[in-house]
Structures are given as structure tokens and as C-alpha cells.
Protein chains: 2
Amino acid sequence: VAERRRKYWGWGYEDEQPAPDELRATAAGLADHLGFGDREPEPAVALADVKLAPPRLETPYAQDTWSRAAHAQGRSYLDVVRGLRGEFPHPPDGVAFPGSEEELRGVLDWCGERDVAVVPFGGGTSVVGGVDAIPGPGHAGVVAVNLRGLDRVLEVDPVSRAARIQAGATGPGLEAQLAEHGLTLRFYPQSFELSTLGGWIATRAGGHFATGTTHIDDLVESVRALTAEGELWESRRLPASGAGPSPDRMLLGSEGTLAVITEAWVRVQPRPERRRSATVTFPDFAAGLEAMRAVVQAGLRPANCRLLEPEEARLTLAGEASAGGEASGRDRCSKALMVLGFEEVVEPADRAFDLCRAHGGEVSEGRGGGSGAWREAFLRAPYLRDTFAAMGVLSETFETAITWERLPGFVAQVKAAAAQALGEGSVMCRVTHAYPDGAAPYFTVLGPVRRGEEADRWGRVKAAASEAILGAGGTITHHHAVGRDHRPYYDRQRPEPFAHALRAAKAALDPRARLNPGVLFDAR
Amino acid sequence: VAERRRKYWGWGYEDEQPAPDELRATAAGLADHLGFGDREPEPAVALADVKLAPPRLETPYAQDTWSRAAHAQGRSYLDVVRGLRGEFPHPPDGVAFPGSEEELRGVLDWCGERDVAVVPFGGGTSVVGGVDAIPGPGHAGVVAVNLRGLDRVLEVDPVSRAARIQAGATGPGLEAQLAEHGLTLRFYPQSFELSTLGGWIATRAGGHFATGTTHIDDLVESVRALTAEGELWESRRLPASGAGPSPDRMLLGSEGTLAVITEAWVRVQPRPERRRSATVTFPDFAAGLEAMRAVVQAGLRPANCRLLEPEEARLTLAGEASAGGEASGRDRCSKALMVLGFEEVVEPADRAFDLCRAHGGEVSEGRGGGSGAWREAFLRAPYLRDTFAAMGVLSETFETAITWERLPGFVAQVKAAAAQALGEGSVMCRVTHAYPDGAAPYFTVLGPVRRGEEADRWGRVKAAASEAILGAGGTITHHHAVGRDHRPYYDRQRPEPFAHALRAAKAALDPRARLNPGVLFDAR
């Protein structure tokens, strides 16, 4: 089977990239919409012109330029900027594509015998430096292990509504196979198109659904993985257990440092048949927050419940508003916007709408809160970033979570810190996930940037925002993971004895620290 | 403040024990009801007649007989049988009652300097040998640390609906303090009256509520603990996070082996104002199971949804039925019985009732499914066990969880294995917790037993049941924890690499293995 090749520096597949004219038209339109950015996009360096450092060693794995470039880094804004310019500072020395767990074991053995580091690679969509192929001190090199060959739904249990799925299955790949059984995982991170089940579990990914089961954590019934030394880690299929600390919860969030996840049993469901949704406008963000809190604290569990600042609604939802057939975005766009949807259990929707009205919301039922236009816009967003990178627009996001009583001041503080570091441009906030005791604010940064100054400019914004988040009690990430980018903040956030314990666990499973060195832990 | 003293061998407090005549009348009634058991209860050995091994060392902590006996073991059936007869094979050498985290640190230091093991002691209600004061090899002795002095609600956040509560607060203790703020944790394990927040977290306790948030795990926002060496482990207050593996999830289920929990922020709520509930009778258990699965798989999330076999309903709910004012238990008692209740989000109740009817259920609304009579009976049950122990009735429970597709065969297999090992008597099943992908069967064993043969008889039943559970893919415990009793099965259940990792974590935090030696891990 010929594999569809991924674009080696940005989002998506090679065969779906826009022609130069089309790209130019998009850039012009975006520049008009934003009021900044170059109408003439910078051309990407052609693959043939990409120069990579030679491999540190010969491997039996792929060593061609596409393979090494495409597996050299994730897809953060700075990764995309570098890739556009043909810069891949950390290419792996080889890229393995095991077709089975046994072949994976063979790769682990080969690397183990030579003290070669291993970077497990799912969709490669990390935005936090989670898959850079950087060896630890003393390692002979790095092999990236792309798990796309393990992409099957192996077993379906329609009675318990669970499926055994290989780690390398992408969102669309596993959904297509589940659809044959009338089932769906219904887990939609923004990277859905490219990212994989194994990557979701390794990074505790968060999905589109905004309350209740927000993270993959709660959809995992059991996990199967191989340690660096090829030992099998497999938990039992259980709906719940109280036998000691949860083994699955140690792998969830381990980011490829403790074991390579090969498959998991996950909780699935039939496609929902009942839906009720609405867009709600609020006079301001604060009123929307109060309504959001009221809805989740009443236990109503909408499937979707997101709140956008007026500026963010205006800038990022313009496309969605017209796609969704809304008569006019003008009125909405001076207001905070909530998308609110119920699936399957729709009975509580009326009470949620009433709670919104009680907080000054105008409820327009049947619009936007569901999984149609909104989800499409959500999933299309990563493509835009490649264009922004090429047109001198700094475009990045960061996210966190905090309890309600601190949230309004926290958002203001973090926005101010980021905006001050940014200078010209915008820092906008939406709340993407809501819980009875708090919520997850998500920040989008857009601004003009001179070519060559991206890393410096974004670095200052990210540092200022991260310091503000840590200082005000938030988490350095709600669902983007730690990788390398968040390490300094993560190290301050995690309880020190837990860090000791985790390091000891790491040393026991991977004494040469060969699995994803530098992520979560110091490399050696 | 004069502390109410706990009964040193069984359930409850000294000041609420029945007079001899009353006890005799209860025993006679129970013997009539069961058809076996001695109408003349065995008298408990008086505290003055209890002989304990002398302490291994002098300690500055309590060394009187009550203190040492009351902290020598938990409250399993065999613990109660032994205690009734004045047998306390593993009394601690001293019992500390720290009044603050600083005093706790002092106790840990004192023990650390002398290589004395420490058993953290909350309510002491373990039914799995989780608090036996057994030193590891080389330890100079054991100090039990009763945390009842840390029993305050320290802070309440009404906006985020969370409270900071000390680990030693009992269920009634913390509820009384929360009630002053119009709030409640609404977490009701059967041990509610005596057990503590810290114990719940350490053992991943499961509560009365049967779907959704069944375990304390999901109510924990952050945890604060001291390691054996006095290092502070404190996680941030977060509604959710994706920053590495969850630190709280490592303490949840650690059973006092990694750190001594001193306080936690937990999610609370106002007392619910809306309720709908019903009892539903089904022609048989299988139909009830199908209905239960339909209700949870539809996402309806009842607060309570339990299913009892006809025999269990007859034997254990007779009291409740009359207390609840039911006209007649006769008809119900040939049928499987479901208690089904919704709280606060009551809109989906109609659909749940319809689903029950579609599976042959007869729905009687306004009865039993709520939190009134049913909860009272549930919380009263542990008192009965002291009486059973005294009247030669073997009375114990065990529990597990399994996915739906295996559940009916699994229950039959486990019951058969336990019944065969039991001989005369009954093994009954109820399903206490239901999830979209499975449920938690809970087994009650009742039978006549000759005095002195309890340990042997129960040991055979427990071994047969545990082998059947493990062999058929269940978990050795859904919410009773591991302790010492489940160790052999837990060791087989947990993934081997996870065991390595956890042992390494333990060694890093507690190199002399002084915290609760023998629980979860080998003692040294």
C-alpha cells in the first residue's frame, strides 16, 4: 500500500497543499482580515534543497531526507517557521516504521544493543517539542519510531462498547474502522486528522468535547505498551478498579518516556442520535463565564460549552459564522460568544439555556453549538498556521486550567503579561473546557513579526505567559503536554517528591534513559 | 476535648453498644431470619482481660491496652472475630495522635531516627488487612499514627465549590463542617461513619453513588502529604491538567506506603434540591443487568443504580423494606430489585424508567432509589457484623469489576466457586456500581460457622473467589483496596513493568520501607 506522504514541514499531506496562486490569494485575504501580515507568502524550501546533518550512524531504517525531515520535530509555530525555511536542527538518524508489535520489539532491541535513543512518533503533531530527535549524553544516535503501521482496530466489543485499537491509528483512520461497526470514539483534539491514539494517551490529550470526558484519560479502559527493554506492560480491561495506584494513569502523560504504547482498549459509543445546540451571546466575557460556571455546576454536562471573547469570536470565527449560515456576524462580534451543545442526553438543555438567559445571554437555538460547522472550523485551523508562518504572522496558542474563583483575574493577568511581551498584535482568550470547579482558558496570539525574529519574539511571549500562569497557580498545560518547551515550568509545578518517584520509576524501566530523552526528565 | 472512644474490637463507638439483653434479642431475631446462627451470642473479651505482647520499645506515644488493641487491625470479618476473642496478633508499639502536620512531622522524625515503621491510621476500617501494625524485617517496632487530630475543614471556596479538608476528618465530621457553608461532599462509603478523607484517598474508596463519580479519585482536586522523610508533597489546585502523569493519581491507591496524606482540596456541592427515585423489580437478575447497562450506556447518569439478586434483596433488605414503608416485600422478593435514583439532574429519569420497562421492569416511583432509607440500611450494615461474629455466622463480602460482555458468566462463575468452597450458607450478588463499559459486582457471603473455624472457612471461600475473579479477568478489588489480604492477587494483576516502576518510586521516597510495610509492596 502506497502511504500518503505527509508534508515534511507543516500541516497535512503533500497531495492537499494549495497551488502558489491559491496560497497567494489566501494570504491576501488573511492580511486584509487581520490588518497585518505579508500578502506575498514566503516560499517554502523545496525538499531537494533541504540540507540535514549526516546521520550519526548507519541504521537499517529509513535515512532519506523526507523521512528524517518529517520526523525531526513537531508542529508548533516555531517548528513550522523552521521547517518552511528548510531548518531541521534535530533530524533522527533513522526512521523505523514497524508493522507489528514484534517488529517494534525488534527496533527497540536494535537500538538497545547500540545505546541508540528512541523517539516514539505518532502523528508528530506535538506543539511543545515532544518529538524532537535529540539524543541524551552518550547515546550513539536517535531512531524515530513511526507507529503508523500499527493502525488497526483489532477487536470490537459492542456489548461493553469498547474497542481494541493499535496506537498508530489516526483519528480518521480509527473512526472509519469503528464506523463499520456503527461505533465512534468521539474524541476530537484539534490535531484529530493526523494525531494518533497512542499519542493521545502518551500526552493526555484533550478533545473537542468541553465538559465531562474532556481528556482521553477517561476513555482508556486498558493500555498495552513495550518498555525500552522490550518488557510488556499490559493492564486488564476493567470499567473501574481500586487495586493500588492506577497503572494506566502512570502511562497517561508519560510522553513516550516510560514505554512505547502499542495498543489500548478504549470506550466507544454509537453515533449520537439526539442533539440540541445553541449559540449564546453575552454582553461581556465575565457574564459568559458566570453562565458557563452555572451550567457545569448544575451538573448539566453539555457535550460542548465554549466561550469566546468578542475579539476572538470576530477574528477566528468569521469563517465559521458564514459557513454556518448565520445572517450576520456584526452584532455577535461585539459580544462574547458561547457555543453550547447537548448530545444524546438532551433533556437538560432547557435548563442550561435558562441559566444562560439568567446571566444575560441571548440564546439562539439550533446554531453552532453542535458538532458541524464549529468542528470543521476547529479542525481546519492548523492548516492556516502554515500560511501565517509564510506571511510573517506570529500565530501560536497556549492553554492552562485554573479554578473558578481565580479565573477572571487570572485570565486578565496572563493576557496582560503576554500582550506586553508581544507588543503589536492581539492576545485573545476562549474557555475551551469547563469543570464544576474550574475551567481551561486557551489563548491565541496573533501579530506581525519580522522574518528571522519569530523565535525571539515568540520566546518572550511564551516566557512571560508561562511565568504568569505558574505564578498565579495555573497548570503549565491543560492538554498540550510538557515536551521540552514546558520542562522548566513543569519542573516547578510538579511536587518534588513526585518528581523523585517518577525519576526512580523512569530509571527502573529505562536505565539508559533512551526513550524520548529530554522530555519530562533530564536526558541522563 | 474528651474524644469519644471507639469500640476496641468491632464497629462504632463504646457509648453506643447494645446492652447484653438487647444483643441477645437481636441475635435471636437474626437467627430466625437466616435459619442459622447461635441465638446466644458469644460474649466479647473485656478490655481488662485482653493480653497484648509487650511493646518492642518505649515510645512517647500511647501504649495503653485500648490504644494498642484498637489500632492493631482493621475491621474485616476475621478482624472482628479475633477482636471479639481478645486476639490482637499485631498491636503497634505506640499510637501517636498528632494534632497538626508539624506534630506529624515530629512523629515521622522520631520513627525515622529509630528505624521504626509507621502505619497511617484513619478510621481503621480496612477490610483487607491494610492497617495491621506489622513491622518489616529489621524495623525496631511500629507506631500507628491516628490522624483524628487533623479533622478540620480548613478553607471553603464556594465559587469553585471546593474545600480544603484535613485527612483525619471522618465522614460525619467533615459533613457537619461543610453543612455550615451549605455544602456537602456527598461521598458515602459504607464505612462513612468512621472512615476518613485521608483513608478514602489512600485506598481509592468507592461511595454510595453508583454511576459517574463513584470513587473519591474524581472528587480530589489536590493532595498534600508528608513522605517518610518528612518531605512535603503538594499538588496544585486544578480542575484538570495534562502536565505529565498525574501526581494525585500516584497517591490515590498508595495505601499509606508512599506518603502520609495530611489534607486535600476536594470538590463539594450544595445539597441537591431535586430528586426522583424508584424501585424497579425485574423477573430475573439478567433482565435487571440488561436494564442497568441500557441506562448507563444511554449516558443517563443516575445518582444511584444498584441491582440486587432476589435472595440478597430478601435477606439484606427486609429491614429496609419495612423502614421505607413498602406495603409488602413478598412480591418483590422473588424478583431482582433495582434501586434507581436521580439527583439534581432529574430530567433524564423518565427515559431511565422507560428503559427499565423495556427490559421487563416494574417501576414504582418515589420509592427506595433515593438516599433515605436505602442509605440508612447501607450505613447500618457494619454494626450487624459484630453480632454475626458473636453468633457463629460467617458474614463477609468481596467485590470486583468487569466489563459487561463478560459480566453474567463471570458472576455465575465467581458465585459457584465461592459457594462450593463455602458449603452450607449463601453467596449472594448485587451490582453496586455501573459504568458504560462494565459494572462492579459485590458478593455477600453468609453461613453458619463453628467457633474457631472462621479463619479456615473464610480463607477457603476467599481464595476460591479470588482465584475465580483473577482467572476470569476481573480486578481483585473495585473499592476495598489491596492491603495485605489481596497482595498475592494484586501482584498477579498489576502489569510487571508497572510493579518495577512503583517499587522504584517507593524505594526513592521511603528507602527503609517504613511506611505501612507489607501493604502493596514486600516489606523490605
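Residues numbered from 1 in each chain as written. Chains lettered and ligands numbered in written order. Predicted model: local features only at pLDDT ≥ 70, side-chain atom pairs only at ≥ 80, totals over all residues. Heavy atoms only, no water.

Asker: Please explain the overall build of chain A as it appears in this structure.
Answerer: Check the secondary structure of chain A and you find 16 helices and 18 strands. Taking 524 residues into account, the globule formula puts the C-alpha radius of gyration at 24 Å, and chain A, at 22 Å, falls close to it. Dimensions of chain A, computed from the C-alpha atoms along their principal axes, are close to 65 × 55 × 45 Å. The burial tally for chain A puts 63% of its 524 residues in the buried class. In chain A, the share of contacts with a sequence separation of at least 24, taken over all contacts with a separation of at least 6, comes to 75%. Total accessible area on chain A stands at roughly 17500 Å², and carbon and sulfur atoms take up 51% of it. (Helix = DSSP H or I, 4+ residues; strand = E, 2+ residues; numbered from the N terminus. Rg over C-alpha atoms; globule rule 2.2 N^0.38 Å. Buried < 20%, exposed > 50% of the residue type's maximum accessible area, 1.4 Å probe, protein only. Contact = heavy atoms within 4.5 Å. Areas by Shrake-Rupley, 256 points an atom, 1.4 Å probe, with all protein chains shown as cover.)

Asker: So what exactly am I meant to see when it comes to the interface of chain A and chain B here?
Answerer: Note: interface size is frequently given as the accessible area lost on complex formation between the parts. Residue-level contacts link 81 residues of chain A with 82 residues of chain B. Carbon and sulfur atoms make up 58% of the area that chain A and chain B hide from each other, which totals about 6400 Å². Here arginine 237 of chain B and glutamate 405 of chain A are joined by a salt bridge, their closest N and O atoms 3.1 Å apart. Between the two partners, chain A and chain B, sit 38 residue pairs in polar contact (both at pLDDT 80 or more). Here the side of chain A that touches chain B gets 10 residues from one element, more than from any other, and that element is helix H16 (residues 496–509) of chain A. A per-class count over the side of chain A that touches chain B returns 38 nonpolar, 22 polar and 21 charged. (Buried area = accessible area lost by both parts, 1.4 Å probe. Salt bridge = Lys/Arg side-chain N within 4 Å of Asp/Glu carboxyl O. Polar contact = N/O pair within 3.5 Å; in protein donor to acceptor, adjacent residues only side chain to side chain. Nonpolar A, V, L, I, M, F, W, Y, C, P; charged D, E, K, R; others polar.)

Asker: When you look at helix H11 (residues 349–358) of chain B in this model, what are you seeing that I'm missing?
Answerer: An α-helical turn contains 3.6 residues, so a residue and the one three or four places further along point in the same direction. Listed in full, the buried residues belonging to H11 of chain B are Ala349, Arg351, Ala352, Phe353 and Cys356 of chain B. Each element contacted by the buried residues of H11 of chain B is listed here: strand E11 (275–282), helix H8 (285–297), strand E13 (336–343) and strand E14 (362–365) of chain B.

Asker: What exactly am I supposed to notice about the sheet that holds strand E9 (residues 260–267) of chain A here?
Answerer: Note: strands within a sheet are paired through backbone hydrogen bonds, in either parallel or antiparallel orientation. Residue and element names in this part refer to chain A. The sheet built from 5 strands is open, its strands ordered E4-E5-E9-E7-E8 with antiparallel pairing. Bordering the open sheet on either side are strand E4 (153–157) and strand E8 (232–234), each of which pairs with just one other strand. Neighbour-to-neighbour, the strand axes of this sheet turn through a mean angle of 10 degrees, independent of strand direction. Across 4 bridges, E4 lies against strand E5 (residues 162–166) in antiparallel orientation. Each residue of the ladder has a partner; that of valine 153, found in E5, is isoleucine 165. The strands touched by helix H4 (residues 101–113) within the sheet are strand E7 (220–226), E8 and E9, with E7 carrying the most contacts at an inclination of about 45 degrees. (Pairing = 2+ DSSP bridges. Axes fitted to C-alpha atoms, helices over the stretch in contact; angles between N-to-C directions.)

Asker: Help me out: how do you make sense of the pairing of strand E2 (residues 117–121) of chain A in this one?
Answerer: In summary, the side chains of a regular strand alternate between the two faces of the sheet. All names here are of chain A. For E2, the tally of buried residues reaches 5 of 5 residues, placing the bulk of the element in the interior. Here E2 shows a buried face lined by Ala117, Val119 and Phe121 and a second buried face lined by Val118 and Pro120. In this sheet, strand E3 (residues 142–146) lies alongside E2 in parallel orientation, the contact comprising 5 bridges. Pairing of phenylalanine 121 across the sheet is with asparagine 146, part of E3.

Asker: I'm lost on the sheet that holds strand E2 (residues 117–121) of chain B in this one. Help?
Answerer: Residue and element names in this part refer to chain B. Spatial ordering of the open sheet is given by E1-E3-E2, a layout of 3 strands whose pairing is parallel. With partners counted over all chains shown, the strands left at the sheet margins are strand E1 (94–96) and E2, one partner each. The mean inter-strand angle of the sheet, taken between neighbouring strand axes irrespective of direction, is 25 degrees. Across 3 bridges, the pairing between E1 and strand E3 (residues 142–146) is parallel. Following the sheet pairing, alanine 96 is matched in E3 by valine 145. Together, E1, E2 and E3 form the strand contacts of helix H4 (residues 101–114), whose direction differs from that of E3 by roughly 175 degrees.

Asker: Honestly, the nonpolar core in this entry has me stumped. Any pointers?
Answerer: In summary, soluble globular proteins display a tendency toward joint burial of nonpolar side chains. Counting 232 residues, the largest nonpolar core has Leu185, Ile216 and Met338 of chain A together with Leu185, Ile216 and Met338 of chain B as its most contacted members. Those residues within four positions of methionine 338 of chain B in sequence are excluded, and the remaining contacts are Ala278, Thr279, Val280, Phe282, Gly288, Ala291, Met292, Cys305, Arg306, Leu307 and Cys356 of chain B. (Core = buried A, V, L, I, M, F, W, Y, C linked by side-chain atoms within 4.5 Å.)

Asker: Quick question: what am I supposed to make of the relation of the copies chain A and chain B here?
Answerer: Two chain copies here: they are related by a rotation about an axis and a translation along the same axis. Aligned on chain B, chain A shows an RMSD of 0.0 Å; the corresponding rotation is 180 degrees and the shift along the axis is 0.0 Å. The superposition of one copy onto the other is thereby described by a two-fold rotation axis. Residue by residue, 100% of the interface of chain A is reproduced at the interface of chain B, so both copies engage with the same surface. (Least-squares fit on C-alpha atoms with pLDDT ≥ 70 in both.)

Asker: Please explain helix H5 (residues 171–179) of chain B as it appears in this structure.
Answerer: Residue and element names in this part refer to chain B. Taken together, the buried positions of H5 are Gly171, Leu174, Glu175, Gln177 and Leu178. In a view along the axis of H5, the buried residues occupy a sector of 165 degrees, so they form one face of it. Contacts made by the buried residues of H5 are with strand E4 (153–157), strand E5 (162–166), strand E6 (183–184) and helix H6 (197–203). (Arc of directions from axis to C-beta.)

Asker: Help me understand the packing of aromatic side chains in this model?
Answerer: Think of a pair of aromatic rings as described by two things: how far the centres are apart, and how the planes are tilted against each other in angle. Inspection of every chain in the model, using the stated rule, returns 15 aromatic pairs over all chains. The interplanar angle of 40 degrees and the centroid separation of 6.5 Å between the aromatic rings of phenylalanine 398 of chain A and tryptophan 458 of chain A together place this pair among those described as tilted. A residue pair is termed long-range when its members are at least 10 positions apart, and phenylalanine 398 of chain A in strand E15 (residues 393–399) and tryptophan 458 of chain A in helix H14 (residues 454–471) qualify at 60 residues. As far as the burial class goes, phenylalanine 398 of chain A and tryptophan 458 of chain A line up, both buried. Each residue in the set Tyr188, Phe192 and Phe209 of chain A is aromatic and connected to the rest through ring pairs, giving one cluster. Over the face of the ring belonging to tryptophan 265 of chain A we find arginine 237 of chain A, whose NZ or CZ atom lies 3.8 Å from the ring centre. It is arginine 4 of chain B that lies over the ring of tyrosine 13 of chain B; its NZ or CZ is 4.0 Å from the centre. (Phe/Tyr/Trp six-rings, centres within 6.5 Å; stacked < 30°, edge-to-face > 60°. Lys NZ or Arg CZ within 6 Å of the ring centre and 35° of its normal.)

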